[in-house]
Number of protein chains: 2
Amino acid sequence: MGALVGDPVRAGMLAVLMDGSERAAGELARQAGASPQAASAHLSLLLDGGLLAVSARGRHRYYRLRDADVAHAIETLSFAANLAGRKTEHLAPALKHARRCYDHIAGALGVAICDSLILKGRVIAGSDGFAISAAGHEWLAKLDLSPPHAMRRAAVRPCLDWTEGRPHIAGWLGAALCERLQTACGLKRNSQNRALTLTPKGRALLGEYFGLEWRWREHA
Amino acid sequence: MGALVGDPVRAGMLAVLMDGSERAAGELARQAGASPQAASAHLSLLLDGGLLAVSARGRHRYYRLRDADVAHAIETLSFAANLAGRKTEHLAPALKHARRCYDHIAGALGVAICDSLILKGRVIAGSDGFAISAAGHEWLAKLDLSPPHAMRRAAVRPCLDWTEGRPHIAGWLGAALCERLQTACGLKRNSQNRALTLTPKGRALLGEYFGLEWRWREHA
DNA sequence: TCTTCGTTACAGGACATCCTGAAACATCAC
DNA sequence: GTGATGTTTCAGGATGTCCTGTAACGAAGA
């Protein structure tokens, strides 16, 4: 298993897919800098390893992370590798600022949102994970974001942010917030990498939703 | 880096050293099931990789994890691999019950102690980690366990338990509690693996210190 | 239908990894 | 000093991984 993610080509593919998108085999090959044949072999390994899922449409085969659990595992793994290994200095600042982690927001922005939700008592941080408080449910209802009654995944879950070293919001809530900010044109996805760009409108929404005065600068 | 821990022999060595002990090269070779020459090569790699430290005494060379940070990274890594990979069914129940994680207590017991400390307000669980509360410092003083004034490592830190999937207590406090329970003969170390055995006296101390009625059974 | 494109499958060779055997070095016991 | 033990180093060979051809398969487009 460690060997699966240890290969640089496969690691690159997984990094690209960590935004929750699905990509064709050829595109993954280009992004990871490998030939189509080599990429196909790597993708087969990842598929057998249970990390990816695939769906064929037309003459393309689109690969994606199998589910949110796999994404969570990879994010945690990155954090652990980060602890023992190198620094994140070389990383694009945009990625450290805000990025997609499967289907929710990660990076400094994701952690800030998480902090706000806990500070305002909308999410309770227990030792066994997170939970949505009564006040939180009220707040969600006002935003027309009440969780569905039957839900397979956890309503809210902490996900260890590997650039910040602190949790951000995952689970249903994380996905819902991320989707809301995107449909409201507050966040724009970068099609090349996992980065998310905050629009002026998004800045206003952060204040409205979370009471955040968002000013980000990279601390050296 | 992923390749370092991916090799089964090296993984075995690291697993043995995760109890914070230091072991001679030959002993590690036996435990990992490798020849002395092969083991020496693996240990060199781990040393170069910054995961191990070594100290020569006599004709032995004793290897140990470099520091608590490395141990923390490996514990988190195990958790991540666990998330994506196989189950822990095959594990010795004693290890799931209580074990050393570098210098503090992990496993079901470690998580239970962590829960108790938070429930009683002695440790505050924030989104940015743990902290010792005023009440906690009072409680520690009564136990004659006040933290030293100048301390390099964090006073208390959550460490993701890879068998329980929830945090246990690490940092200075984790080490102090673990040492206290051992010197009071409440916990006995197994010299073969990382397991910790709870003595009757230890059971009493759990009640005295943490208000825990400790009865453990493996839940299938 | 025929061609083109995306993808996969199967050979081959290059390369790295891992182990074993022999040997050197250091320390301890006698 | 001599021998035994623990550890490392070096050379060799086996094994496995990874990549590049070449070729096959399927779907889309002319």
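Each remark here, short or long, concerns the structure printed above.
Keep in mind the model is a prediction, meaning the values are calculated, not measured.

Definitions and cut-offs
- Residues numbered from 1 in each chain as written.
- Chains lettered and ligands numbered in written order.
- Predicted model: local features only at pLDDT ≥ 70, side-chain atom pairs only at ≥ 80, totals over all residues.
- Heavy atoms only, no water.
- Phe/Tyr/Trp six-rings, centres within 6.5 Å; stacked < 30°, edge-to-face > 60°.
- Helix = DSSP H or I, 4+ residues; strand = E, 2+ residues; numbered from the N terminus.
- Buried < 20%, exposed > 50% of the residue type's maximum accessible area, 1.4 Å probe, protein only.
- Lys NZ or Arg CZ within 6 Å of the ring centre and 35° of its normal.
- Polar contact = N/O pair within 3.5 Å; in protein donor to acceptor, adjacent residues only side chain to side chain.
- Contact = heavy atoms within 4.5 Å.
- Axes fitted to C-alpha atoms, helices over the stretch in contact; angles between N-to-C directions.
- Parallel < 35°, antiparallel > 145°, perpendicular 65-115°, else oblique.
- Least-squares fit on C-alpha atoms with pLDDT ≥ 70 in both.
- Pairing = 2+ DSSP bridges.

**Q** Would you mind showing me how to read the packing of aromatic side chains here?
**A** The geometry of an aromatic ring pair is captured by two quantities: the separation of the ring centres and the angle between the planes. Summed over the entire model, instances satisfying the criterion amount to four aromatic pairs over all chains. Ring geometry for Trp139(A) versus Phe210(A): centroids 6.0 Å apart, planes at 55 degrees, classification tilted. Residue Trp139(A) is found in helix α8 (residues 134-142), and its partner Phe210(A) is found in helix α10 (residues 200-210); the two are separated by 71 residues along the sequence. Judged by its relative accessible area of 10%, Trp139(A) is buried. A relative accessible area of 1% places Phe210(A) in the buried class. Among the aromatic residues, ring-to-ring pairing joins Trp139(A), Tyr209(A) and Phe210(A) into one connected group. Looking at Arg57(B), its charged tip hangs above the ring of Tyr62(B), at a distance of 4.5 Å from the centre.

**Q** How should I be thinking about the side chain of Arg23(A) in this particular structure?
**A** All names here are of chain A. Within the secondary structure layout, arginine 23 lies in strand β1 (residues 23-24). Side chain to side chain, arginine 23 and serine 21 meet in a polar contact 3.0 Å long. Within polar-contact distance, the side chain of arginine 23 engages the backbone oxygen of serine 191 at 3.2 Å. For arginine 23, the contacting residues outside a window of four places in its chain are Val16, Leu17, Leu28, Gln31, Arg61, Tyr62, Tyr63 and Ser191.

**Q** Could you clarify how one ought to interpret the packing of helix α2 (residues 8-17) of chain A against helix α4 (residues 36-48) of chain A in this entry?
**A** Geometry of a packed helix pair, given as the angle between the helix axes and the separation of the axes. All names here are of chain A. Interhelical geometry of α2 versus α4 gives an angle of 70 degrees and a closest axis separation of 10 Å. It follows from the interaxial angle that α2 and α4 lie roughly perpendicular. Contacts from Val9, Arg10, Met13 and Leu14 of α2 reach α4 at Ala39, His42, Leu43, Leu45 and Leu46.

**Q** Please explain the relation of the copies chain B and chain A as it appears in this structure.
**A** In this structure, two copies of a chain are linked by a rotation about an axis accompanied by a shift along it. Relative to chain A, chain B is turned by 180 degrees and slid 0.0 Å along the rotation axis, the superposed coordinates differing by an RMSD of 0.1 Å. Read as a symmetry element, the transformation amounts to a two-fold axis. Both copies present the same face, since 100% of the interface residues in chain B are matched by interface residues at the equivalent positions in chain A.

**Q** Just to check I follow, could you spell out the pairing of strand β9 (residues 167-170) of chain A for this structure?
**A** The two faces of the sheet receive side chains in turn, since in a regular strand these alternate between them. Residues and elements named next belong to chain A. Side chains of β9 alternate between two faces, with Pro167 and Ile169 and His168 and Ala170 buried alike. In this sheet, β9 lies alongside strand β8 (residues 157-160) in antiparallel orientation, the contact comprising four bridges. Residue pairing for β9: cysteine 159 is matched across the bridge by histidine 168. A loop of six residues connects β8 with β9, the two strands running antiparallel in sequence, and glycine 165 in this loop sits at a positive phi of about 75 degrees.

**Q** What is the right way to read the sheet that holds strand β2 (residues 52-57) of chain B from this model?
**A** Working definition: the strands of a sheet are paired by backbone hydrogen bonds and lie parallel or antiparallel to each other. Residues and elements named next belong to chain B. One open sheet accounts for three strands, arranged β1-β3-β2; its pairing is antiparallel. Looking at the sheet topology across the chains shown, the edges are occupied by β1 (23-24) and β2. Two strands pair when backbone bridges link them, and β2 and strand β3 (residues 60-65) are joined in this way by six bridges, in the antiparallel orientation. Bridging from a neighbouring strand, arginine 57 pairs with histidine 60 of β3. Set on the sheet, helix α2 (residues 8-17) makes contact with β1, β2 and β3; between it and β3 the angle comes to about 80 degrees. Packed onto the sheet, helix α4 (residues 36-48) meets β2 and β3 and runs at close to 120 degrees relative to β2.

On their own, these measurements won't tell you what the molecule is for.
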